[in-house]
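In case you want the letters, here they are:
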Amino acid sequence: MGSQEVLGQAARLASSGLILQVLFRLITFVLNAFILRFLSKEIVGVVNVRLTLLYSTTLFLAREAFRRACLSGVTQRDWSQTLNLLWLTVPLGVFWSLFLGWVWLQLLEVPDPHVVPHYATGVVLFGLSAVVELLGEPFWVLAQAHMFVKLKVIAESLSVILKSILTAFLVLWLPHWGLYIFSLAQLFYTTVLVLCYVIYFTKLLGSPESTKLQTLPVSRITDLLPNITRSGALINWKEAKLTWSFFKQSFLKQILTEGERYVMTFLNVLNFGDQGVYDIVNNLGSLVARLIFQPIEESFYIFFAKVLEREKDATLQKQEDVAVAAAVLESLLKLALLAGLTITVFGFAYSQLALDIYGGAMLSSGSGPVLLRSYCFYVLLLAINGVTECFTFAAMSKEEVDRYNFVMLALSSSFLVLSYLLTRWCGSVGFILANCFNMGIRITQSLCFIHRYYRRSPHRPLAGLHLSLVLLGTFALGGGVTAVSEVFLCCEQGWPARLAHIAVGAFCLGATLGTAFLTETKLIHFLRTQLGVPRRTDKMT
């Protein structure tokens, strides 16, 4: 297979993954909005934090290192030995599900059975669903290694959609089932996922005329089962050692990735109801941030990486490229700052209304509005950090990247300690404050690097973080007006008052965007230029 063909398949796989991510988030968004009307926040907390953590931890410990080792860039391998190694994930999954299930039932706080019924059954079924998913691991790795794009897209999309339909049906007709609903839906999801892979390979290997058979290392479905290889060795010990190395490297990453859930689960800093509200708000906030800012960060990282040369000072590079990169960075910083400020300022006055529409009184009363308002400020930091880090990682030398990653590891470790202390002091808001602290440190590091990078050149891209006083005043006025509007019109005055509150916000938002259009002419020109390029390109082709 040529390099261009591999690149093309990898690109299709990446685009499919992006589509799946958006699809999953939209389905989850709609599903949660529906089920929150029928379930308590304690049940949501137990499912989204406690049981989901059991499921993800079991899968990580049983398969993550195997996946990385068996998908490493080895062109010549004995696939019989690789498949034998992958089947070891099943007994490992059984062990970890039993051990973690015992921890979840015996060592952790058990929810009140009157508030969250059938907790023990939920632990058993979520652990069982992890084991069921591991049964499809050899099929999944084989499909990934040969870039079966459509299989992955169809299997995961179909599984999620059917799980969503089943959950909605059970919540609507049998709400008293409690954790039975989510446990059965999770088990159903993993079963459908595995069956999709098994049925696909069964049909594929049963069709001798299929062109894909020429690239597969197996010819029968039984070849995917554990068997003794021609050499007599059951597994490739080199791959086994590589698996152990990957496990040690990724173990800390798992702790840091799921850090908030581990702190909530093992340190009892929040009750189950607060865990549920926090998880919902966190999902809502991250949905907005990732859909808006992540595409910008990913696209312009590629731009900066192509335009700038690593290991070289800005004065030693082609000055036209350095100037273009500086102009783009300045405009992106301005855009991120304006978008983040807009979400922060207007999110403050509309957090309670948004939560009331999304989840009813369960979210709009209590800590929900404070959490979402705090998260709106965190979104501002996310926006700025996304732009500064995409430039920093594209321009840093390898040694600088290694040092930066070491600092990041230290910061991530400190997050666990800081989040524990802050949540003991101010509740679930402490998690967001800890994230804000870490994000502030990361932004400071990136800004220092950008300043050093351009200090010997005439370009000053950090000027993008400066706004005109007129625009700042418009933001302040809009925030004040909408805050007063919230006091008098939201959210206990009925829908006419809510609509009036929304109208006030729309007017203030329009005035703010109009002021930005008149004062930030350089940014407007940049946006027009970027939006115009695809059109001109389309006409030329």
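Predicted model, so just to flag it, every value in this text is computed and none were measured.

Procedures and definitions
- Residues numbered from 1 in each chain as written.
- Predicted model: local features only at pLDDT ≥ 70, side-chain atom pairs only at ≥ 80, totals over all residues.
- Heavy atoms only, no water.
- Helix = DSSP H or I, 4+ residues; strand = E, 2+ residues; numbered from the N terminus.
- Polar contact = N/O pair within 3.5 Å; in protein donor to acceptor, adjacent residues only side chain to side chain.
- Patch = residues over 30% accessible without salt bridge, like charges linked within 9 Å, V, L, I, M, F, W, Y side chains within 5 Å.
- Areas by Shrake-Rupley, 256 points an atom, 1.4 Å probe, with all protein chains shown as cover.
- Salt bridge = Lys/Arg side-chain N within 4 Å of Asp/Glu carboxyl O.
- Buried < 20%, exposed > 50% of the residue type's maximum accessible area, 1.4 Å probe, protein only.
- pLDDT = per-residue confidence, 0-100.
- Contact = heavy atoms within 4.5 Å.
- Bend = angle between axes of the 7 residues up to and from the residue.
- Axes fitted to C-alpha atoms, helices over the stretch in contact; angles between N-to-C directions.
- Parallel < 35°, antiparallel > 145°, perpendicular 65-115°, else oblique.
- Left-handed = near helix turned anticlockwise from the far one by under 90°.
- Nonpolar A, V, L, I, M, F, W, Y, C, P; charged D, E, K, R; others polar.
- Lys, Arg positive; Asp, Glu negative; His and termini not counted.
- Charge placed at Lys NZ, Arg CZ, Asp CG, Glu CD.
- Core = buried A, V, L, I, M, F, W, Y, C linked by side-chain atoms within 4.5 Å.
- Domains from an automatic or database assignment.

Enquirer: Please explain the side chain of D356 as it appears in this structure.
Expert: Its place among the elements puts D356 in helix α12 (residues 319-359). Of note is the side chain of D356, whose polar atom sits 2.5 Å from the side chain of R498.

Enquirer: Before we go on, may I ask you to explain a nonpolar patch on the surface in this structure?
Expert: Residues F34, F38, F169, L172 and W173 make up a contiguous nonpolar surface patch of about 530 Å² in total accessible area. Structurally, W173 is set in helix α7 (residues 149-173). On the accessibility criterion, W173 (59% relative accessible area) is exposed.

Enquirer: Please explain the confidence of the model for the protein as it appears in this structure.
Expert: When pLDDT drops low, the exact placement of atoms in the prediction is not to be read closely. Confidence in the prediction of the protein, expressed as mean pLDDT, is 82, and 85% of residues score 70 or more. The element-level mean pLDDT for the protein is lowest in helix α1 (residues 3-35), coming to 56, with helix α5 (residues 119-134) highest at 96. In the predicted structure, residues 531-541 sits below a pLDDT of 50 and forms one contact with residues beyond four places in sequence or in another chain.

Enquirer: Looking at this structure, how should I read α12?
Expert: For an α-helix, the turn length of 3.6 residues means that residues three or four places apart are oriented alike. Residue Y350 marks the point of greatest curvature in α12, where the axis turns by about 60°. Looking one or two residues beyond α12, the residue adopting positive phi is G360, at roughly 80°.

Enquirer: Help me understand the pattern of salt bridges in this model?
Expert: Side chains that differ in sign of charge can pair as their charged atoms come close. With the rule as written, the count across this model stands at 10 salt bridges. For R63, the salt bridge is made with E137, and the minimal N-O distance between the two is 3.8 Å. Taken together, the residues span a long stretch of sequence, with R63 in helix α2 (residues 41-70) and E137 in helix α6 (residues 137-145) at a distance of 74 residues. Of the two residues, R63 and E137, neither departs from the other in class, the shared state being buried. The partner of E137 in a salt bridge is R67, with the nearest N and O atoms 2.5 Å apart. A residue pair is termed long-range when its members are at least 10 positions apart, and E137 in helix α6 and R67 in helix α2 qualify at 70 residues. Take E137 and R67: they sit in the same class, and that class is buried. Salt bridges linked by common partners bring R63, R67, E133 and E137 together as one network.

Enquirer: In this structure, what is going on with unusual backbone geometry? I would like to understand it.
Expert: Residue H118 is not a glycine yet carries a positive backbone phi of 65°. In this fold, H118 is placed in the loop between α4 (89-107) and α5. Phi is positive for N268, which is not a glycine, with a value near 55°. Within the secondary structure layout, N268 lies in the loop between α10 (259-267) and α11 (272-307). Judged by its relative accessible area of 39%, N268 is partly exposed.

Enquirer: Looking at this structure, how should I read the packing of α12 against helix α18 (residues 495-519)?
Expert: A packed helix pair is summarised by two numbers, namely the angle formed by the two axes and the spacing between the axes. Contact pair α12 / α18: the axes reach a minimum separation of 12 Å and the direction vectors enclose 160°. Here α18 runs roughly antiparallel to α12, going by the angle between their axes. In terms of crossing hand, the pair formed by α12 and α18 is left-handed. Every residue of α18 that contacts α12 at T342, F346, A349, Y350, L353, D356 and I357 is listed here: W495, R498, H501, I502, V504, G505, C508, L509 and T512. Considering only residue class, the contact of α12 with α18 consists of 10 nonpolar, four polar and two charged.

Enquirer: Quick question: what am I supposed to make of a positive patch on the surface here?
Expert: On the surface, a cluster of positive charge is contributed by R403, R452, R455 and R456. Within the element layout of this structure, R403 appears in helix α15 (residues 398-426).

Enquirer: Before we go on, may I ask you to explain the environment of L416 in this structure?
Expert: Here L416 is to be found in helix α15. Its relative accessible area of 22% is what places L416 among the partly exposed residues. Once the C-alpha coordinates of L416 and A434 are considered, the two residues, 18 residues apart in sequence, prove to be 8.6 Å apart.

Enquirer: I'm lost on the nonpolar core in this one. Help?
Expert: Nonpolar side chains tend to gather and get buried jointly when the protein is soluble and globular. Ranked by size, the top nonpolar core spans 70 residues in total, and within it I280, F304, L363, F391 and Y454 carry the most contacts. Of the residues forming this core, the biggest block, 15 residues, is contributed by α12. Built from parts of two domains, this core gets at least three residues from each of domain 1 (3-260) and domain 2 (269-466). Ignoring anything within four residues of it in the chain, the contact list for Y454 reads V322, A325, A326, F391, H459, R460 and P461. Residues A62, A69, L83 and L216 belong to the second largest nonpolar core, which totals 66 residues.

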